[in-house]
Protein chains: 4
Amino acid sequence: MQPLGRTRWAIPEGYLPRDSAAKPRSVRSHETACLLNAGDSPAEVRLTVYFADRDPIGPFEVTVEPRRTKHLRFDELDDPASIPRETDFSTVIESSVPIVVQHSRLDARTGVAGLITTIAYAQQFTPTRAS
Amino acid sequence: MQPLGRTRWAIPEGYLPRDSAAKPRSVRSHETACLLNAGDSPAEVRLTVYFADRDPIGPFEVTVEPRRTKHLRFDELDDPASIPRETDFSTVIESSVPIVVQHSRLDARTGVAGLITTIAYAQQFTPTRAS
Amino acid sequence: MQPLGRTRWAIPEGYLPRDSAAKPRSVRSHETACLLNAGDSPAEVRLTVYFADRDPIGPFEVTVEPRRTKHLRFDELDDPASIPRETDFSTVIESSVPIVVQHSRLDARTGVAGLITTIAYAQQFTPTRAS
Amino acid sequence: MQPLGRTRWAIPEGYLPRDSAAKPRSVRSHETACLLNAGDSPAEVRLTVYFADRDPIGPFEVTVEPRRTKHLRFDELDDPASIPRETDFSTVIESSVPIVVQHSRLDARTGVAGLITTIAYAQQFTPTRAS
């Protein structure tokens, strides 16, 4: 059967609101990339984070084991660097094998509270004479 | 006319908040896969649920009759197992005929309340020399 | 230049919450299909609405003029029928020329309030030997 | 490596709620197009805004530098015109090089508060004999 997913993904939206570290982890504002590896080989995943006015940082490296999912929280990344709060960013995700990526955010700031999600952008095949 | 949809879909995001069973069904926190079968044959649908740190469970089997939709609630699945609350998961959906799948969640926990939706990831055709 | 969009779209998610007709139109719960016709010819658009346990209804017919957008509210459709409240449905959208479709909902019920959106599912080209 | 993204995008949904200019910028209702240029050349981007009942306006022109992201707020566009509040619109985005586009909105009106997001519609390759 054809592997499920793609090896290059992008999430243009990214923003970590400032929030209280005193809140329980599950309801503290956060941004997540959900990575599904439905295949039979480990997925070696590299994330690169882009900013508005300085050079990208990364790669952040994670492994998603075969037939497993990983819901990766951007506020918990710290190697090679932390992602600053209240700063616009975008993310590019590259994997050694096909995976599927979905982006979500919980914004739990007072007066804003909301959830968002979208399947990330998957790089499609571009024929030579493409649009 | 070409059938509408695809036969393989994925929803990397999945999470059932803990919520009160005393609330009316329509406003209790839930996660939904909306399955549209716009064709003329029954869709035999199999769902497999993936976790972060243990083997997948499934298949969960449902039939979507021709020219019908089914809004499937993950908190009501119980065969071959229930999906645990407060646990990250992902879902792969395979159908005997093309269908279209959309993912939604109502999170009705106090201080979080939000709705999310996205068209699920549809497996696309991958040419041999694909990216 | 290649026309922008596709001629067949699907929105599997659909649900009109019961809400007060006394609220102003813009903040009353509603479901919307945003139809963009960026081309030079009128788009003759037909919507068919699918249910869980009875035959589809439609077509609902609307025209989107060239270089215009139409944000169509499902709670205001009434020809050939109204869409019942508190009922799961799905929608298929067919257009005479390529358009782009986005689905949105405002749920303004007390204790639920939320917004959702997603680009609808666009029927892609399926090669004969497709997945 | 193949460039990441596409050169033509569409966001059919668009609406700027009326909101207080007294609120801090980050929590005032707004609509955003997040533009990621992961490539090595500047992206010269042109936006055209479509309405329900009058001619489109634009182009709005912005540059996204190589390896940078720009989170563009529609309520801050003013050249060649401002986008009116409380008015349905759609947006077409064209770029000189491939980019990736995600649409987001914060609606912070009392009684509505919500966040939405979706990857925008990317114009796909359409074979001559396409659906």
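Up top is the structure.
As the structure is a computational prediction, the values presented were derived from the model and not from experiment.

Trainee: So, unusual backbone geometry: which residues are in play, and what are the values?
Mentor: Glycine aside, negative phi is the norm for most residues, and most peptide bonds take the trans geometry. All names here are of chain A. The amide bond that connects Gly 58 to the next residue, Pro 59, takes the cis arrangement and shows omega of 0°. Pro 80 follows Asp 79 through a cis peptide bond whose omega is 15°. As for its position among the elements, Pro 80 is in the loop between strand S5 (68–73) and strand S6 (89–107). Even without being a glycine, Arg 67 presents a positive backbone phi close to 55°. Along the chain, the position of Arg 67 falls in the loop between strand S4 (57–64) and S5. C-beta crowding within 10 Å serves as the criterion here: with 17 such atoms nearby, Arg 67 is assigned to the partly exposed category. Even without glycine at this site, Glu 86 takes up a positive phi of about 55°. Take Glu 86: it is sitting in the loop between S5 and S6.

Trainee: Which residues make up the relation of the copies chain B and chain A, and what values go with them?
Mentor: For the pair chain B and chain A, the best superposition has an RMSD of 0.0 Å and corresponds to a rotation of 90° with a translation of 0.0 Å parallel to the axis. What we have between these two chains is a four-fold relation.

Trainee: Which residues make up the pairing of strand S4 (residues 57–64) of chain C, and what values go with them?
Mentor: Looking along a regular strand, one sees the side chains alternate between the two faces of the sheet. Residue and element names in this part refer to chain C. Both strand S3 (residues 43–51) and S4 contribute to a ladder of 6 bridges, which runs antiparallel. When the bridges of S4 are listed, Glu 44 appears paired with Thr 63. Adjacent in sequence and paired antiparallel, S3 and S4 are bridged by 5 residues.

The rules behind each value
Residues numbered from 1 in each chain as written. Chains lettered and ligands numbered in written order. Predicted model: local features only at pLDDT ≥ 70, side-chain atom pairs only at ≥ 80, totals over all residues. Helix = DSSP H or I, 4+ residues; strand = E, 2+ residues; numbered from the N terminus. Buried ≥ 20, exposed ≤ 12 C-beta atoms within 10 Å, placed from the backbone. Least-squares fit on C-alpha atoms with pLDDT ≥ 70 in both. Pairing = 2+ DSSP bridges.

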